[in-house]
Amino acid sequence: MTRMTWMAACALAVSPVHAWSQAAQPPRLPVPAMAPTPAPASAPSDIQASNNFSFVSYRADYVVRPDAGNVQTESYDILLKTKAAVEQFSQVRLSYSEKMETLEVLSAYTLTADGQRRDVPADRIYTQESYSSAAAAMYADRKVRVVVFPNLAPGTRVVYQTRRTQNMPYFPGYFSLWETFSVFSQYDDAQVTLSAPASLPMHVQQRGVQGSQAPTLRNGQATWAWRYRRPDPLPVQNWTAAPWEFSPTIMASTYRDWAQVAQAYQLKGSEAARVTPGIQTLADEITRGIDDRREQAAALYRWVSQNIRYVAVYLGNGGLEPNPAQSILDNHYGDCKDHVVILEALLAARGIDSTPVLIGAGGGPTLPAIPMLGRFNHAITYIPEFDLYLDSTSAYARFGQLPDGDLGAPVLLTRQARVARTPANDAARNGNGFEVTFRFDPAGNLEGQTVPQPREVGEIGMRGSFARLNAQNRARVEESIMASSGFDGSGTLTLLGDPQDLARPFNYRYDFHARDYVDFGVVGGMVLPDPPGGESFRDIYTTTSAPDNVTPFYCNDTLREETYRVEFPVGVPIVAMPRDQQFRNAAGEYALHWTREGQAIVARHRLHQNAVRGADALCQPGDYAAFRELYQQVRRGFRGQVVYGDLRTVQSAP
């Protein structure tokens, strides 16, 4: 099961613990933005669900106090079926907020296949600093309790019990429970109970489990109980949304609506963004000589993005309370909430209003029906005056651009206390492509050039990659580009702009040379070569290798365009080229257009994929077939060959 938490995309973690929901992800594609992909895991420590293990037993008991503080006792009995599971469970890592909660490991042992019990020695249960806290110790808040299970083998059962005591609610009066039982895992027996004062408001929603939304009332206490079994898990799917979207799930919250969450966050965050004399002086310096208000906002955004080092540490009130803007300025680093606070203060110093925005980055287009803090994992900024979202933790996004995971996401504007949505993750923002030229000489050698054509999502990614390019690794990168394209040759990268300069566009060019690619002395057929320095969608069909898909999945509106120019030597006959191709269905449209310009053949591939049910909805299992059919047309399009050579040199087959 998954206990849903604020994820670690930023420091908005409520209580990161083990999660078992995430289906195994397929290998990354050459063009991952085109094909729908599984949701990201809900915490860095997630164990991916699979048939490698099963839950013999799971118990989760929540006891809530009148102030919404609570005690959570969990018991796990997990059967390891394969060597992969043995590696997964060799150690269990449990994260907690040292300031706001205590975490105890009540017991931990293994049961061998023949029934022998082996307790985990006391020295194999220890506490570590979290990775991020170790990198910035003055802000250390989170710890990790590590349990190391020795002598594991397939057939062994891992058994442990923990008790987590929430001493201080993350927000006043806030408690939440979010348990998801992944359809990709086997559960022999799972039970969850919740006990709370009857006077405490509790909003409950459930799906696919046994139990009632109505509690049992006794002696002023309200009690809920749920059970779940799944003896036959689903096989892992090619494409899947986050398992909570469709798996059996239990949700409970003491907050009535999302506005209440926003108001609780704003209560702490608004004071942190106070404009101090130091903030005012800095804002005036950054915007000196700039009269246009939008340009002032852009200058302030760029300063924060490039001068406040982003560290994903858990600060202040268990990760939910940002630090004061002045202290962030003094230290020149902070987490996402701190980025929002200092940018809010700098903007306010110039009379520009903004609001913090809570967002579930990369988490899909939907929100739970009841308010759950665990749905949000990040904080960004919204400026109503320009209707503009900004994410200054992205060091490579220009003003007005958003990283892929921030697009098309439901958000909570905390100052306005309302739900909204970031700009759609559509072709206008995620469109991508390239132009590549291949020039052959009579000996079959070639030279060429690849120039990408990125829109904002692609440009952000390119900046991040090339910002790490230096004299030491440039040659290795250039060599690997050629090798991955299957050419015997070399290439040179040319940066078209500065990846660190957020005031101007950025791109690159890759010039290449290759030897003995083709023999023009014989009649032959040539498929379009793989473009060195470009990522083609030619292999996208491999993402639909399975004949069907039984879970919902994410499918954005996306666009990919690729132009190939192949120049043959003078005197080499061009015998034939493929016909044009056009295909359209519910999943999108694929077009391939061939032209001849003297000794040059030009092929233009265009794949426009649809958000089948709209930008705010998941695609359903029945939509998968259309994507498979669309991608099959792409596979056929890239199979086409240009036929060249002197036909007088061939003989007819008898």
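Residues numbered from 1 in each chain as written. Predicted model: local features only at pLDDT ≥ 70, side-chain atom pairs only at ≥ 80, totals over all residues. Heavy atoms only, no water.

Visitor: Before we move on, can you summarise the overall build of the chain with the specific residues and values?
Guide: Check the secondary structure of the chain and you find 11 helices and 34 strands. Sorting the 654 residues of the chain into buried and exposed places 55% on the buried side. Of the contacts made within the chain by residues no fewer than 6 positions apart, 75% connect residues no fewer than 24 positions apart. Working note: accessible area of the chain is about 26,600 Å², and carbon and sulfur atoms make up 48% of it. (Helix = DSSP H or I, 4+ residues; strand = E, 2+ residues; numbered from the N terminus. Buried < 20%, exposed > 50% of the residue type's maximum accessible area, 1.4 Å probe, protein only. Contact = heavy atoms within 4.5 Å. Areas by Shrake-Rupley, 256 points an atom, 1.4 Å probe, with all protein chains shown as cover.)

Visitor: Describe in detail the pattern of salt bridges, supporting the description with residues and values.
Guide: Note on pairing: side chains with opposite charge can pair once their charged atoms come close. Inspection of every chain in the model, using the stated rule, returns 31 salt bridges. For Arg 421, the salt bridge identified is with Asp 616, shortest N-O distance 3.2 Å. Of this pair, Arg 421 sits in strand β23 (residues 418-421) while Asp 616 sits in the loop between β33 (600-609) and α11 (624-639), and the two are 195 residues apart along the sequence. With its nearest N and O atoms 2.9 Å apart, the salt bridge here joins Asp 488 to Arg 515. With Asp 488 in the loop between α10 (471-484) and β26 (489-496) and Arg 515 in the loop between β27 (507-514) and β28 (524-527), this residue pair connects regions lying 27 residues apart in the sequence. The exposure class of Asp 488 is partly exposed, given its relative accessible area of 48%. We classify Arg 515 as partly exposed; its relative accessible area is 47%. Salt bridges linked by common partners bring Arg 439, Arg 565, Glu 567 and Glu 597 together as one network. (Salt bridge = Lys/Arg side-chain N within 4 Å of Asp/Glu carboxyl O.)

Visitor: So what's going on with the pairing of strand β15 (residues 221-230)? Which residues, and what values?
Guide: With nine bridges connecting them, strand β11 (residues 186-197) and β15 associate as antiparallel partners. Paired with Pro 197 across the two strands is Gln 221, which belongs to β15. Here strand β13 (residues 210-211) runs beside β15; their pairing, made up of two bridges, is antiparallel. For Gln 210, the partnering residue across the bridge sits in β15 and is Arg 227. Alignment of strand β14 (residues 216-218) against β15, held across three bridges, turns out to be antiparallel. (Pairing = 2+ DSSP bridges.)

Visitor: A description of the packing of aromatic side chains should follow, citing residues and the corresponding values.
Guide: If you walk through the whole model with that rule in mind, you get 41 aromatic pairs. Residues Tyr 58 and Tyr 76 carry aromatic rings whose centres are separated by 5.2 Å and whose planes lie at 50° to one another, so their mutual orientation is tilted. Taken together, the residues Tyr 58 in strand β2 (residues 53-64) and Tyr 76 in strand β3 (residues 70-80) connect sequence positions 18 residues apart. The class of Tyr 58 is buried, set by a relative accessible area of 0%. Tyr 76 gets classed as buried once you look at its relative accessible area, which sits at 4%. Here Tyr 301 and Phe 399 contribute two aromatic rings whose centre-to-centre distance is 5.9 Å and whose plane-to-plane angle is 55°, an arrangement assigned as tilted. Taken together, the positions of Tyr 301 in helix α5 (residues 293-307) and Phe 399 in the loop between β21 (388-390) and β22 (410-413) put the pair 98 residues apart, joining distant regions of the chain. Following the ring pairs from residue to residue traces out a cluster consisting of Phe 53, Phe 55, Tyr 58, Tyr 76, Phe 89, Phe 149, Tyr 160, Phe 181, Tyr 187 and Tyr 228. Here Arg 309 stacks its cationic end above the ring of Tyr 333, 4.8 Å away from the centre of that ring. (Phe/Tyr/Trp six-rings, centres within 6.5 Å; stacked < 30°, edge-to-face > 60°. Lys NZ or Arg CZ within 6 Å of the ring centre and 35° of its normal.)

Visitor: With reference to specific residues and values, describe a nonpolar patch on the surface.
Guide: A cluster of nonpolar residues, Val 575, Leu 647 and Val 650, forms a patch on the protein surface that exposes about 240 Å² of accessible area. Relative accessible area serves as the criterion here: at 49%, Leu 647 is assigned to the partly exposed category. (Patch = residues over 30% accessible without salt bridge, like charges linked within 9 Å, V, L, I, M, F, W, Y side chains within 5 Å.)

Visitor: Explain unusual backbone geometry residue by residue, including any values.
Guide: Phi is positive for Asn 151, which is not a glycine, with a value near 55°. Mapped onto the elements, Asn 151 comes out in the loop between β8 (142-148) and β9 (157-166). Overall, the relative accessible area of 60% leaves Asn 151 in the exposed class. Look at Asp 387: it is not a glycine, yet its phi comes out positive at around 50°. With respect to the helices and strands, the residue Asp 387 is situated in the loop between β20 (378-383) and β21.

Visitor: Residues and numbers for the sheet that holds strand β32 (residues 588-597), please.
Guide: Taken in spatial order, the eight strands make up an open sheet running β26-β27-β25-β24-β29-β33-β32-β31, and their pairing is mixed. Strand pairing shows two members of the sheet lacking a second neighbour, β26 and β31 (581-585), which therefore form its edges. Looking at each pair of strands side by side, their axes are set apart by 10° on average, direction ignored. Pairing geometry for strand β24 (residues 432-440) and strand β29 (residues 558-567), over eight bridges, is parallel. Residue pairing in the sheet places Arg 439 in a bridge with Glu 567 of β29. (Axes fitted to C-alpha atoms, helices over the stretch in contact; angles between N-to-C directions.)

Visitor: Outline the side chain of Ser 54, supporting the account with residue identities and numerical values.
Guide: Within the fold, Ser 54 resides in strand β2. Ser 54 has contacts with Asp 77, Ile 78, Leu 79, Lys 81 and Gln 186, leaving out every residue within four places of it along the chain.

Visitor: Could you give me a rundown of the confidence of the model for the chain, with the residues and numbers involved?
Guide: When pLDDT is averaged along the chain, the result is 89; 89% of the residues meet or exceed 70. Low pLDDT, under 50, characterises residues 37-48; the stretch is placed with 47 contacts to residues that sit more than four places away or in other chains. Here residues 133-140 scores under 50 on pLDDT; set against residues more than four positions off or in separate chains, the count is 16 contacts. (pLDDT = per-residue confidence, 0-100.)

Visitor: So what about the packing of helix α4 (residues 277-286) against helix α7 (residues 336-349)? Which residues, and what values?
Guide: Where α4 meets α7, the closest approach of the two axes is 8 Å, and the angle between their N-to-C directions is 70°. Judged by the angle between their axes, α4 and α7 are roughly perpendicular. Residues Ile 279, Gln 280, Leu 282 and Ala 283 of α4 lie in contact with α7, whose contacting residues are Ile 342, Ala 345, Leu 346 and Ala 349. Residue classes in the contact of α4 with α7 are distributed as seven nonpolar, one polar and no charged. (Parallel < 35°, antiparallel > 145°, perpendicular 65-115°, else oblique. Nonpolar A, V, L, I, M, F, W, Y, C, P; charged D, E, K, R; others polar.)

Visitor: Residues and numbers for the sheet that holds strand β30 (residues 574-576), please.
Guide: Strand order across the open sheet formed by three strands is β28-β34-β30, with antiparallel pairing between neighbours. A single partner strand is all that each edge strand has here, and the edge strands are β28 and β30. With direction set aside, neighbouring strand axes in the sheet form an average angle of 40°. Relative to strand β34 (residues 641-644), β30 is paired through two bridges, and the arrangement is antiparallel. Each residue of the ladder has a partner; that of Ile 574, found in β34, is Tyr 644.

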